[in-house]
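Structural features, examined
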Amino acid sequence: MDRFDIRGGTRLAGRLTVKGSKNAALPLLAAALLTDGPVVLRDVPDLADIRGMFKLLTELGCKVDYTPAESADAAGGVVRIQVTDPTISHARYEIVRTMRASICTLGPMLAKRGSARISLPGGCAIGERPVDLHLRGLSALGADITLDSGDITARTPKANGKAGRLRGARIFLGGPFGSTVLGTANVMCAAVLAEGTTVIECAACEPEIVDLADMLTKMGANIAGAGSPRVTIQGVARLNGVDHRVIPDRIEAGTYMCAALMTNGDITLDNCPADALMAHIDRLQHAGAKFTVDEQMDPMRTLCRVQGAGTRGIQPIEVTTQPHPGFPTDLQAQLLASLTLADGNSVITERIFTERFLHVAELTRMGASIFRQGPTVIVSGVRRLVGAPVMASDLRASACLVLAGLAAEGTTIVNRVYHLDRGYERMEDRLRSLGAQIERVNDKEEVGVAAAQGVG
Ligand code: EPU
């Protein structure tokens, strides 16, 4: 099992190209199931979750050819997907267990193949993560859904004894925490091949949904309103193949922005989706970071320079996570890490995944002063963090610990970095290119310790 050894205290400076978005690429890859034509996706990052989706698509009868990027500084590789056997429609537990985003195949498989069977994803480190809204949306389109032995089986209504098409409907997709991103992706993918008109009310407005709608539109779908809470879809009989470039990863970009603030650094991001990061940039500016964004370029692929707070130091702020365009839950942990060094008390409230605070106890081990009550934490800034061995069991919490290690005095060991590898491509190389002292170490002993403790 790999770990990172980080010697903190270096101001990070330099230039990075933001990679293609993991969370956009996953539903785009699943949407390849909607067509008989080839789907080519560009700027696809080389990540464990993406490789997991390739594996799943291969099991579901697709030929998947991935060419990773030639240069480490490119935004990603190119993948070509061609359905060769549309008869298989079972996403097995072994895969779903390792990659929750397997659920994105449900809508496309159901709409194109007439049935889909997929293991119900369990909870994960950041909370329960139900899929009731996905199922509610697909039922409204006429799907017959059953749950058996931990698998969801969905079927289109029968027509002349055979699997027929889904039927357009008006669907409200809001739940107790707002809309659902992958649920919106699933219902949108199912509705594009349904008969008639679908209106999704309380649709997720995330940029990843806009990217999905853009790709589906290029494939021949008829979608209006993506990026707003009401999306209207006129179903079509079939979709074509497509060649599409994935949007840059706003969470990766936002993480490196936090690194600039936290190390009082100076980082320039190429291919930066600043337009999708307004809430994050606003909060970082209030905390003292300075931004210079090239206004002449495409705001989703711009050049963005981020400088730390200088001698003034990091200022305390209040942050509440919300659905887009609010502050993203996927950047809460990284911003929290930065605020441990602020000059005063910050308040962070998590409204999407209210238990997503695995990083708090680990940061405390590094000298951070954090008080949590339910979904709110008060972070009292300290003068310094001190390196320590730490571990987190989810992707963004791990990124937060790496950031803390970069700013801490002494050595921080971040264990179990396979969580990071799910969502950050070559993070250690990229940080090293900015001047960080960080090494990946393969530590077999850690496996023994984890096994002895029954962790995993
Ligand atoms: N929810 C329900 N019922 C549902 C679906 C969701 O109650 O059927 C709740 C969730 O429990 C949560 C809220 O609704 O409280 C939002 O969840 P959502 O469905 O939007 O999450 P998701 O689509 O499963 C994606 C990202 C997550 C990101 C969330 C929120 C992917 C692959 N995952 O998950 O990314 O945190 O949206 O923005 O796109 C990450 O990258 O680290 C990550 C966890």
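Residues numbered from 1 in each chain as written. Predicted model: local features only at pLDDT ≥ 70, side-chain atom pairs only at ≥ 80, totals over all residues. Heavy atoms only, no water.

1. Considering the packing of aromatic side chains
Where two aromatic rings form a pair, the distance of their centres and the angle of their planes describe that pair. Scanning all chains against the criterion turns up 1 aromatic pair. Note on Phe 54 and Tyr 66: the rings are 5.0 Å apart at their centroids and 50° apart in plane angle, and the pair reads as tilted. On the criterion of sequence distance, the pair formed by Phe 54 in helix 2 (residues 48-59) and Tyr 66 in strand 4 (residues 62-67) is long-range, its members being 12 residues apart. Given the relative accessible area of 16%, Tyr 66 is considered buried. (Phe/Tyr/Trp six-rings, centres within 6.5 Å; stacked < 30°, edge-to-face > 60°. Helix = DSSP H or I, 4+ residues; strand = E, 2+ residues; numbered from the N terminus. Buried < 20%, exposed > 50% of the residue type's maximum accessible area, 1.4 Å probe, protein only.)

2. Describing the side chain of Ser 119
The residue Ser 119 is located in strand 7 (residues 115-119) in this model. Relative accessible area serves as the criterion here: at 3%, Ser 119 is assigned to the buried category. Here Asp 151 takes part through its side chain, which lies 2.8 Å from a polar atom of the side chain of Ser 119. (Polar contact = N/O pair within 3.5 Å; in protein donor to acceptor, adjacent residues only side chain to side chain.)

3. Some thoughts on the environment of Asp 148
As for its placement among the helices and strands, Asp 148 is situated in strand 8 (residues 144-148). Separated by 83 residues in sequence, Asp 148 and Asp 65 place their C-alpha atoms 34 Å apart.

4. Focus: the state of the cysteines
Here is the idea: a disulfide is a covalent bond, and it sits between the sulfur atoms of two cysteines. Across all of its chains, the model carries 0 disulfides by this definition. The structure places no disulfide on Cys 189, whose sulfur is separated from the nearest cysteine sulfur, that of Cys 104, by 8.2 Å. Using a relative accessible area of 1% as the deciding quantity, one classes Cys 189 as buried. Cysteine Cys 400 remains unbridged, with the sulfur of Cys 258 as its closest cysteine sulfur at 9.4 Å. Residue classification places Cys 400 among the buried positions, given a relative accessible area of 0%. (Disulfide = S-S within 2.5 Å.)

5. Describing the packing of helix 1 (residues 22-31) against helix 2
Viewed as axis vectors pointing N to C, helix 1 and helix 2 meet at an angle of 5°, and their least axial separation amounts to 10 Å. As summarised for this structure, helix 1 and helix 2 are arranged roughly parallel, according to the angle between their axes. Residues Lys 22, Ala 25, Leu 26, Leu 29 and Ala 30 of helix 1 pack against Asp 49, Ile 50, Met 53, Phe 54 and Leu 57 of helix 2. Of the residues contributing to the contact of helix 1 with helix 2, the split by class is 8 nonpolar, no polar and 2 charged. (Axes fitted to C-alpha atoms, helices over the stretch in contact; angles between N-to-C directions. Parallel < 35°, antiparallel > 145°, perpendicular 65-115°, else oblique. Contact = heavy atoms within 4.5 Å. Nonpolar A, V, L, I, M, F, W, Y, C, P; charged D, E, K, R; others polar.)

6. A closer look at the site of the ligand
Taken together, 24 residues lie near the ligand, and Asp 132, Leu 133, Thr 180, Asp 330 and Ile 352 sit nearest. Between the ligand and the protein, one listed contact pairs an oxygen atom with a backbone N or O atom of Leu 133 at 2.7 Å. At a separation of 2.7 Å, an oxygen atom of the ligand approaches a polar side-chain atom of Arg 396. In isolation the ligand offers 830 Å² of accessible surface; the protein chains occlude 92% of this area. Contributing elements (two or more residues each) for the shell around the ligand: helix 1, helix 5 (132-140), helix 6 (181-191) and helix 12 (395-407). Grouping the constituent residues of the shell around the ligand by class yields 12 nonpolar, 5 polar and 7 charged. Split by domain, the residues of the shell around the ligand number at least three in each of domain 1 (2-18 + 248-448) and domain 2 (22-245). (Near = heavy atom within 4 Å. Areas by Shrake-Rupley, 256 points an atom, 1.4 Å probe, with all protein chains shown as cover. Domains from an automatic or database assignment.)

7. Details of the sheet that holds strand 19 (residues 302-307)
Strands sit in the order 2-17-19-18 across an open sheet of 4 strands; the sheet is mixed. Each edge of the sheet is formed by a strand with only one pairing partner; in this case those strands are strand 2 (13-17) and strand 18 (290-293). When strand polarity is set aside, the average angle formed by the axes of neighbouring strands in this sheet is 15°. Where strand 17 (residues 266-272) lies against strand 19, 5 bridges are found, and the strand directions are antiparallel. The partner of Leu 269 across the bridge, within strand 19, is Cys 304. (Pairing = 2+ DSSP bridges.)

8. A look at helix 4 (residues 106-113)
Across the 8 residues of helix 4, 7 count as buried, placing the element largely inside the fold. Those residues of helix 4 lying buried are Leu 106, Gly 107, Pro 108, Met 109, Leu 110, Ala 111 and Arg 113. Looking at the residues trailing helix 4, positive phi occurs at Gly 114, about 85°.

9. Re the domain arrangement of the chain
Annotation of the chain at the domain level lists domain 1 (2-18 + 248-448) and domain 2 (22-245). When each unit is reduced to the centre of its C-alpha atoms, the spacing between domain 1 and domain 2 is 30 Å. Counting from both sides, the interface comprises 30 residues of domain 1 and, opposite them, 21 residues of domain 2. Interface area, domain 1 with domain 2, both sides summed: about 2,100 Å², of which 50% is carbon and sulfur. Counting the surface domain 1 buries against domain 2, the share from its top three residues, His 324, Arg 422 and Glu 425, is 26%. Inspection of the domain 1/domain 2 interface yields 3 salt bridges. Measuring nitrogen to oxygen at the nearest pair gives 3.1 Å for the salt bridge that ties Arg 422 to Asp 49. Contributions of two or more residues to the side of domain 1 that touches domain 2 are made by strand 2 and helix 12. (Buried area = accessible area lost by both parts, 1.4 Å probe. Salt bridge = Lys/Arg side-chain N within 4 Å of Asp/Glu carboxyl O.)

10. A closer look at the pattern of salt bridges
Applying the stated criterion across every chain yields a total of 28 salt bridges. The partner of Glu 208 in a salt bridge is Arg 250, and the shortest N-O contact between them spans 2.8 Å. Linking Glu 208 in helix 7 (residues 207-218) with Arg 250 in helix 8 (residues 250-262), this pair joins segments that are 42 residues apart in sequence. You can call Glu 208 buried: its relative accessible area is 5%. Residue Arg 250 is classed as buried on the basis of its relative accessible area, which comes to 8%. Here Asp 429 ties to Arg 432 by a salt bridge, and the two come within 2.6 Å at their closest N and O atoms. Of this pair, Asp 429 and Arg 432 both sit in helix 14 (residues 427-433), separated by 3 residues, roughly a single helical turn. Taken together, the salt bridges that share partners define one network made up of Asp 2, Asp 421, Glu 428 and Arg 440.

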